[in-house]
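Structural features, examined
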Amino acid sequence: MHVWIARPLPAGARTAERVAGLGHHPLLAPVLDLAPSGAPPPEGPFDALVLTSASAIPALAGTPLVALPAYCVGARTAATAREAGLRGVQEAGGDARALADLIGAGLPRGARLVHAAGRERKDEPAATLGARGYRLTVWVAYAARALPELPEPVAAALADDALDAALHYSRRSAATALGLARAAGCEEAFRRVAHHCLSADVAAPLVAAGIPSHVVAARPDEDTLLAGLAPFLPDSDAEASPALRPGRERC
């Protein structure tokens, strides 16, 4: 299969390697550009660091926050944190609610937390942690900038109907990919691609646009997402794997 990976760098490069290792042909063409925000970290003291994306970790270098215990949303973020030398790294089950539960099991109510996050972020885990009595400070450590136009290799592949699948890891990335394809006059070809999404939330922009050909991973992790590449048949109404839900069920 020819698979478009719209995920930003550097994570997109790792995904491309995994896709190639499965015998597919990856097309690495992110639609979002990630960069540190340049905002200084907040002054503590803090009891722990909250990480919902590995993209925030580069901004931590040289700050006092690297000495804090790090609570990470999932395995990839935790692995990146350990590689960066962070201490006391703990990982949740891959979603924000599980992360809030992990923090609740390890820290008393009233603990002071700093969430290194992106400029665009979801309400969780801040909403749950706040309701449970934790004091959370959000530090915008990085920002994602949408590319001004669809990457040329993707536009060419869509024009030739040469893409079989696309991988989407965030709601904004999926929405941006759709918007850029529409602006480039490639929306119909975009609709014919099998869009594999990390979660129902990621797939939401595609559902809203009425795009029927997408798959949502039953668990929000990359192993489950990539497991869907081999068995998924765009022309079949059957569920090809117990780990996946076809998008025709509208998530």
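Structure report, in brief. What you see is a predicted model; the values in this text were computed from it and never measured.

Turning to the side chain of Thr 15, a few remarks are in order. Position of Thr 15 relative to the elements: it lies in helix H1 (residues 11-21). Setting aside its immediate chain neighbours within four residues, Thr 15 contacts Ile 5, Arg 7, Leu 167, Tyr 169 and Glu 222.

What follows covers unusual backbone geometry. Cis peptide bonds are those with omega within 30 degrees of zero, and the linkage from Leu 9 to Pro 10 qualifies with 5°. The step from Glu 124 to Pro 125 runs through a cis peptide bond, and the omega angle for that step is 5°. Positionally, Pro 125 belongs in the loop between strand E7 (112-118) and helix H4 (126-131).

The subject of this paragraph is the pairing of strand E8 (residues 135-146). As paired elements, strand E3 (residues 32-36) and E8 share five bridges and run antiparallel to each other. The residue bridging Asp 33 from the neighbouring strand is Arg 145, located in E8. Where E7 lies against E8, seven bridges are found, and the strand directions are parallel. Looking across to E8, one finds that His 115 is bridged to Val 138.

We now examine the sheet that holds E7. Paired through their backbone hydrogen bonds, the strands of a sheet run either parallel or antiparallel. Ordered by their spatial adjacency, six strands build an open sheet running E3-E8-E7-E4-E5-E6, and the pairing between neighbours is mixed. The open sheet has two edge strands, E3 and strand E6 (87-91), and neither has a second partner. Across the sheet, the mean angle separating the axes of adjacent strands is 25° when strand polarity is ignored. In the sheet, strand E4 (residues 48-51) pairs with strand E5 (residues 69-72) via three bridges, with the strands oriented parallel. Opposite Val 50, over in E5, you have Tyr 71 as the bridge partner. Helix H2 (residues 75-83) rests against E4, E5 and E6 of the sheet, and its axis sits at about 170° to E6.

A separate point is the nonpolar core. Across soluble globular proteins, nonpolar side chains have a tendency to be buried as a group. Judged by nonpolar contacts, the single largest core of 41 residues is most densely connected at Trp 4, Leu 158, Leu 167 and Phe 190. Setting aside anything within four residues of it in sequence, one finds Phe 190 in contact with Trp 4, Leu 158, Ala 177, Leu 178, Ala 181, His 195, Leu 206 and Ile 211. Listed in part, the 21 residues of the second largest apolar core include Phe 46, Leu 51, Leu 65 and Ala 78.

Moving on to the state of the cysteines. Each disulfide consists of a covalent bond between the sulfur atoms of two cysteine residues. The tally for this structure, following the rule as stated, stands at zero disulfides. Its sulfur unpaired, Cys 186 is 19 Å from the next cysteine sulfur, which belongs to Cys 197. You can call Cys 197 buried: its relative accessible area is 0%.

Glancing now at the packing of aromatic side chains. This model, assessed by the stated rule, comprises one aromatic pair. Centre to centre, the rings of Trp 4 and Phe 190 are 6.3 Å apart; their planes meet at 80°, and the pair counts as edge-to-face. Here Trp 4, found in strand E1 (residues 2-5), pairs with Phe 190, found in helix H7 (residues 187-192); they are 186 residues apart in sequence, far enough to count as distant. Looking at Trp 4, the relative accessible area reads 1%, which means it is buried.

Now for the pattern of salt bridges. Counted according to the given criterion, the structure contains 15 salt bridges. In this structure, Asp 101 engages Arg 132 in a salt bridge whose closest nitrogen and oxygen atoms are separated by 2.9 Å. Here Asp 101 is found in helix H3 (residues 96-106), whereas its partner Arg 132 is found in the loop between H4 and E8, with 31 residues between them in sequence. Asp 101 gets classed as partly exposed once you look at its relative accessible area, which sits at 38%. With relative accessibility at 26%, the residue Arg 132 sits in the partly exposed group. Within the structure, one salt-bridge network assembled from shared partners comprises Arg 7, Arg 18, Glu 222 and Asp 223.

On to helix H5 (residues 152-159), then. Restricting attention to buried positions, one finds in H5 the residues Val 154, Ala 157 and Leu 158. Taken around the axis of H5, the buried residues stretch over an arc of 100°, which confines them to a single face. H5 presents Glu 152 and Ala 159 as exposed residues on the side facing more than 90 degrees away from its buried surface. Residues of H5 that are buried make contact with E1, strand E2 (25-28) and H7. Backbone geometry just downstream of H5 places Asp 161 in the positive-phi region, at approximately 50°.

Analysis parameters
- Residues numbered from 1 in each chain as written.
- Predicted model: local features only at pLDDT ≥ 70, side-chain atom pairs only at ≥ 80, totals over all residues.
- Heavy atoms only, no water.
- Helix = DSSP H or I, 4+ residues; strand = E, 2+ residues; numbered from the N terminus.
- Contact = heavy atoms within 4.5 Å.
- Pairing = 2+ DSSP bridges.
- Axes fitted to C-alpha atoms, helices over the stretch in contact; angles between N-to-C directions.
- Core = buried A, V, L, I, M, F, W, Y, C linked by side-chain atoms within 4.5 Å.
- Buried < 20%, exposed > 50% of the residue type's maximum accessible area, 1.4 Å probe, protein only.
- Disulfide = S-S within 2.5 Å.
- Phe/Tyr/Trp six-rings, centres within 6.5 Å; stacked < 30°, edge-to-face > 60°.
- Salt bridge = Lys/Arg side-chain N within 4 Å of Asp/Glu carboxyl O.
- Arc of directions from axis to C-beta.

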